[in-house]
Amino acid sequence: MSDSNPSILSHVSLGTNDFAKAVAFYDAVLGTLGCKRVLDFPNAVAYGKQFPEFWVQAPIDGQRANVGNGTHFGFIAASKEAVHAFHQAALAAGATDDGAPGPRPQYGAPYYGCFVKDLDGHKIEASFWDESAGGAHGV
C-alpha cells in the first residue's frame, strides 16, 4: 500500500457462528460492489478488490461471535444502482432490512445508501457519495 492510498484502515474482521453460511452470504453480497475473495483459510475468508480488507471468520478464541451494539461496517458503492443491488442481494441471501436504499440528508446531501443486518446480526451498509448532489463531506 502506498502513501497515496486514501484509506485509513488496514482491514476489518467480523466473527460468525456459521462460517459456511456467512461466506456464502458475503460472496453474494460483496460481489455486487466489485469485491471478491482474495484469501481463503479453513476458518477465515478475506474480501477486497485488490487486497484483504474485510475478513469473515470463526472467532479465534473458540467462543461464540457476538454483535457490537453501535458498530456497523460501511462499504463503498460505485453508484446508486450498486447500492440497490447490494440491498437486494443481501435480502435475497437472508439479511434483515435495516434501512432501504435512499438519501439520508442528515449524512450530507451527496449520501445515498442502505443498511442491512447480516446472518449473524452485524449491521452493514453500502453507500454512494454522489458528488453531483453537492453539499459538504461528513457522515
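All of the points below concern the structure found in this document. (Residues numbered from 1 in each chain as written. Predicted model: local features only at pLDDT ≥ 70, side-chain atom pairs only at ≥ 80, totals over all residues. Heavy atoms only, no water.)

Enumeration according to the criterion identifies 4 salt bridges in this entry. Here Arg-37 and Asp-40 are joined by a salt bridge, their closest N and O atoms 2.7 Å apart. The exposure class of Asp-40 is partly exposed, given its relative accessible area of 46%. Here Lys-80 makes a salt bridge to Asp-130, at a shortest N to O gap of 3.7 Å. Of this pair, Lys-80 sits in helix α2 (residues 80-92) while Asp-130 is found in the segment after β9 (123-129), placing the two residues 50 residues apart along the sequence. The partly exposed category is assigned to Lys-80, whose relative accessible area is 33%. For Asp-130, a relative accessible area of 15% corresponds to the buried category. A single network of salt bridges, built from pairs that share partners, joins Asp-27, Arg-37 and Asp-40. (Salt bridge = Lys/Arg side-chain N within 4 Å of Asp/Glu carboxyl O. Buried < 20%, exposed > 50% of the residue type's maximum accessible area, 1.4 Å probe, protein only. Helix = DSSP H or I, 4+ residues; strand = E, 2+ residues; numbered from the N terminus.)

Our focus in this paragraph is α2. With 13 residues, α2 ought to run about 18 Å at 1.5 Å a step, and its terminal C-alpha atoms sit 18 Å apart, in line with that. Within the sequence span of α2, burial applies to Ala-82, Val-83, Phe-86, His-87, Ala-89 and Ala-90. An end-on view of α2 places all buried positions within 170° of arc, on one side of the element. The outward face of α2, more than 90 degrees from its buried face, is lined by the exposed residues Glu-81, Gln-88 and Ala-92. For α2, the elements touching its buried residues are α1 (19-30), β5 (72-76), β6 (96-97), β8 (111-117) and β9. Within two residues after α2, Gly-94 carries a phi angle of roughly 110°, on the positive side. (Expected span 1.5 Å × (residues − 1). Arc of directions from axis to C-beta. Contact = heavy atoms within 4.5 Å.)

Glancing now at the environment of Phe-115. Following the sequence through the fold, Phe-115 ends up in strand β8. For Phe-115 and Tyr-26, which are 89 residues apart along the polypeptide, the C-alpha to C-alpha distance reads 14 Å.

Right, let's get into the layout of surface pockets. Looking at the largest pocket, its volume works out to about 930 Å³. What lines the largest pocket is a set of 28 residues, and nearest its centre among them are Ser-7, Glu-53, Gly-74, Phe-75 and Ile-76. Contributions of two or more residues to the lining of the largest pocket are made by β3 (44-48), β5 and β9. Here the residues of the lining of the largest pocket sort into 18 nonpolar, 7 polar and 3 charged. (1 Å grid on protein atoms, 1.4 Å probe; cavity = no way out; pocket = protein on both sides within 12 Å on 5 of 7 lines; lining within 4 Å. Points joined across faces, edges and corners; volume = space filled by probe spheres on them. Nonpolar A, V, L, I, M, F, W, Y, C, P; charged D, E, K, R; others polar.)

So, about α1. Here α1 is 12 residues long and its end C-alpha atoms lie 16 Å apart, about the 16 Å a rise of 1.5 Å per residue gives. Residues of α1 that are buried: Ala-22, Val-23, Phe-25, Tyr-26, Val-29 and Leu-30. Angularly, the buried residues of α1 cover 160° about the axis, an arc narrow enough to put them on a single face. Across from the buried face of α1, at angles greater than 90 degrees, the exposed residues are Ala-20 and Lys-21.

What follows is about the nonpolar core. As a rule of thumb, nonpolar side chains are buried together in soluble globular proteins. Among the nonpolar cores identified, the biggest contains 29 residues, and Tyr-26, Leu-30, Leu-33, Tyr-47, Phe-54, Phe-86 and Ile-124 are the most heavily contacted of them. Within the residue set of this core, elements represented by two or more residues are β1 (12-15), α1, β3, β4 (54-57), β5, α2, β8 and β9. Counting residues per element, this core draws most heavily on α1, at 6 residues. In this view, Leu-33 contacts Lys-49, Phe-75, Ile-76, Ala-77, Ala-82, Phe-86 and Ala-126; residues no more than four positions away in its chain are not counted. (Core = buried A, V, L, I, M, F, W, Y, C linked by side-chain atoms within 4.5 Å.)

The values reported here are purely geometric and, on their own, carry no functional implication.
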